[in-house]
Amino acid sequence: MNYKSLINPLNTTVEKTLLGQKVYLRRLTSAELDDYNDKVEAGRQARLPSRELSAMGVNLFLAALVNEDGSKPKASERPTADQLMAAHANADLLDAVTLVQRHSYGTLEEATKN
């Protein structure tokens, strides 16, 4: 048996409607989530402006966007964090980021069932 195949990511693509659009999301890796949490914690300790902390969350959402087949879209096909923050309310962006986190931690399916 080739256990090296365990490092191949699973296709966990789900279709959701976020920010008024149908999007496809993948689960973020454990390393991606840890990096995000570390950056946010460091940003808070460094007293970074709220806008920079918000951009970190929006970038987490953007990192989870995939095409329907699970492939990553080109950077030119995605908006930037600044563009999304200029176009949407904080509550809507927070919903998108929270949904990505729940999907990545494996709790989205449980929340959808309830």
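Data block above holds the structure.
Definitions and cut-offs
Residues numbered from 1 in each chain as written. Predicted model: local features only at pLDDT ≥ 70, side-chain atom pairs only at ≥ 80, totals over all residues. Heavy atoms only, no water. Axes fitted to C-alpha atoms, helices over the stretch in contact; angles between N-to-C directions. Helix = DSSP H or I, 4+ residues; strand = E, 2+ residues; numbered from the N terminus. Parallel < 35°, antiparallel > 145°, perpendicular 65-115°, else oblique. Contact = heavy atoms within 4.5 Å. Nonpolar A, V, L, I, M, F, W, Y, C, P; charged D, E, K, R; others polar. 1 Å grid on protein atoms, 1.4 Å probe; cavity = no way out; pocket = protein on both sides within 12 Å on 5 of 7 lines; lining within 4 Å. Points joined across faces, edges and corners; volume = space filled by probe spheres on them. Salt bridge = Lys/Arg side-chain N within 4 Å of Asp/Glu carboxyl O. Buried < 20%, exposed > 50% of the residue type's maximum accessible area, 1.4 Å probe, protein only.

A. Molecular detail of the packing of helix α1 (residues 30-45) against helix α2 (residues 50-64). Relative orientation of the contacting elements α1 and α2 amounts to 175 degrees, with a least axis distance of 10 Å. In terms of their interaxial angle, α1 and α2 are classed as roughly antiparallel. Each of Y36, K39, V40, G43 and R44 in α1 lies in contact with α2, whose residues at this interface are L53, M56, G57 and L60. Looking at the contact of α1 with α2 residue by residue, the class counts come to five nonpolar, two polar and two charged.

B. Seen up close, unusual backbone geometry. Phi at L19 is positive, roughly 55 degrees, even though this residue is not glycine. With respect to the secondary-structure elements, L19 resides in the loop between β1 (14-18) and β2 (21-25). At R47, a residue that is not glycine, the phi angle is positive and equals roughly 55 degrees.

C. Highlighting the layout of surface pockets. There is about 320 Å³ of room inside the largest pocket. Forming the boundary of the largest pocket are 14 residues, of which Y36, L53, S54, G57 and L94 lie nearest the centre. For the lining of the largest pocket, the elements supplying multiple residues, two or more each, are α1, α2 and α4 (90-105). For the lining of the largest pocket, the residue count by class is eight nonpolar, five polar and one charged.

D. A look at the pattern of salt bridges. In total, this model carries two salt bridges according to the counting rule given. Between E32 and R26 there is a salt bridge whose closest N-O contact spans 2.7 Å. For E32, a relative accessible area of 26% gives the class partly exposed. R51 is the salt-bridge partner of D82, the closest N and O atoms lying 3.7 Å from each other. Of this pair, D82 sits in helix α3 (residues 81-87) while R51 sits in helix α2, and the two are 31 residues apart along the sequence. With relative accessibility at 46%, the residue D82 sits in the partly exposed group.

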